[in-house]
Amino acid sequence: MKYVIVDLEMNRIAKEYRLERQICSMEIIQIGAVVLDESYQEIGSFMTFVKPQYNEAVEKKYQKLTGITTEIVQDAPHFEQAMRMLFSWCESLQDQCQILQWSRSDLSQIRREIELKKPVFSASEKKYITNWQDFQEEYGQKLGLYGPLSLKNAIMYAGIEAEGHQHDALYDARNTATLFRTLRDPDLCKKALGNVIRALNPEPTFSTLGDMFDFGGIVLSA
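Residues numbered from 1 in each chain as written. Predicted model: local features only at pLDDT ≥ 70, side-chain atom pairs only at ≥ 80, totals over all residues. Heavy atoms only, no water.

Structural notes on the packing of aromatic side chains
No. 1: Taken as a whole, this structure holds eleven aromatic pairs when the rule is applied.
No. 2: Seen from their ring centres, Tyr 3 and Tyr 40 are 5.4 Å apart, and the 40° between their planes marks the pair as tilted. Of this pair, Tyr 3 sits in strand β1 (residues 2–12) while Tyr 40 sits in the loop between β2 (26–36) and β3 (42–49), and the two are 37 residues apart along the sequence. No difference in accessibility class separates Tyr 3 from Tyr 40, as the two residues are buried.
No. 3: Look at Tyr 17 and Tyr 54: their rings are 5.0 Å apart centre to centre, the planes differ by 75°, and that puts the pair in the edge-to-face class. Of this pair, Tyr 17 sits in the loop between β1 and α1 (18–23) while Tyr 54 sits in the loop between β3 and α2 (60–66); the two residues are 37 residues apart in sequence, bridging distant segments of the chain.
No. 4: Taking the relative accessible area as the measure of exposure, Tyr 17 reaches 28% and is therefore partly exposed.
No. 5: Linked through ring pairs, Tyr 3, Tyr 40, Trp 102, Phe 135, Tyr 139 and Phe 180 together constitute an aromatic cluster. (Phe/Tyr/Trp six-rings, centres within 6.5 Å; stacked < 30°, edge-to-face > 60°. Helix = DSSP H or I, 4+ residues; strand = E, 2+ residues; numbered from the N terminus. Buried < 20%, exposed > 50% of the residue type's maximum accessible area, 1.4 Å probe, protein only.)

So this is what it looks like as structure tokens:
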């Protein structure tokens, strides 16, 4: 079993495409992914920019957020080709893959773009866009948190040094992978959860960390 962590960056569909925006308001402009082996170590990565179809430019808001400019995506593959590149990369791993995302939004975005653009994918390709695991939800459940937690805050609270800059799809995938690896290592998990508890409760009323959190209840997935 290998673990593939995927992240996307998007740009808004232009206002003149009113009907299209009713189906899908955004378009993918970058796909990033890393793959971990059975020991949760990174053994490969994938990245491509994607040329938007319903906006000639990357809007300034998203340029500032992602660092991706119109010039960068000008000669990039369109959505269908970019997805086929991702599928081909996954297939090259030659093993069963569990695909993970930080929140449910990335797979939802892919499905909305498929509905809008109607690419034709084979059954072997479609298997890579089903049954994605929401690692954000798993992370929150481990901490007993209610409501979504941003990747930036999850990394910060866990006391982990983020790699690269936020809203770069490859770096966000890699930082998500670091959290994933942390929660599956007993020692790293205990240390990270302790950091999170201290960050969220700077003035605890508990005499010890053990009084506040039952680490014995942590279940590590194989």
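Now that the structure has been shown, we can carry on.
Points about the confidence of the model for the protein chain
No. 1: Across the protein chain, the average pLDDT comes to 89, with 90% of residues at or above 70.
No. 2: Note on residues 211–222: pLDDT under 50 across the span, and 26 contacts to partners over four residues away in sequence or across chains. (pLDDT = per-residue confidence, 0-100. Contact = heavy atoms within 4.5 Å.)

Comments concerning the nonpolar core
No. 1: Formed by 31 residues in total, the largest nonpolar core has its most connected members in Ile 31 and Met 83.
No. 2: Secondary-structure elements contributing two or more residues to this core are β1, β2, α4 (79–92) and α5 (105–117).
No. 3: Ranked by residue count, the leading element in this core is α4, at seven residues.
No. 4: Judged by nonpolar contacts, the second largest core, of 27 residues, contains Val 34, Leu 149, Leu 151 and Ile 160. (Core = buried A, V, L, I, M, F, W, Y, C linked by side-chain atoms within 4.5 Å.)

Some words on the pattern of salt bridges
No. 1: Inspection of every chain in the model, using the stated rule, returns eleven salt bridges.
No. 2: Residue Lys 127 pairs with Glu 91 through a salt bridge whose shortest N-O separation is 3.7 Å. One end of the pair, Lys 127, is in the loop between α6 (123–126) and β5 (133–134); the other, Glu 91, is in helix α4, with 36 residues separating them in the sequence.
No. 3: Overlapping salt bridges, with partners in common, bring together Glu 27, Glu 113 and Lys 117 in one network. (Salt bridge = Lys/Arg side-chain N within 4 Å of Asp/Glu carboxyl O.)

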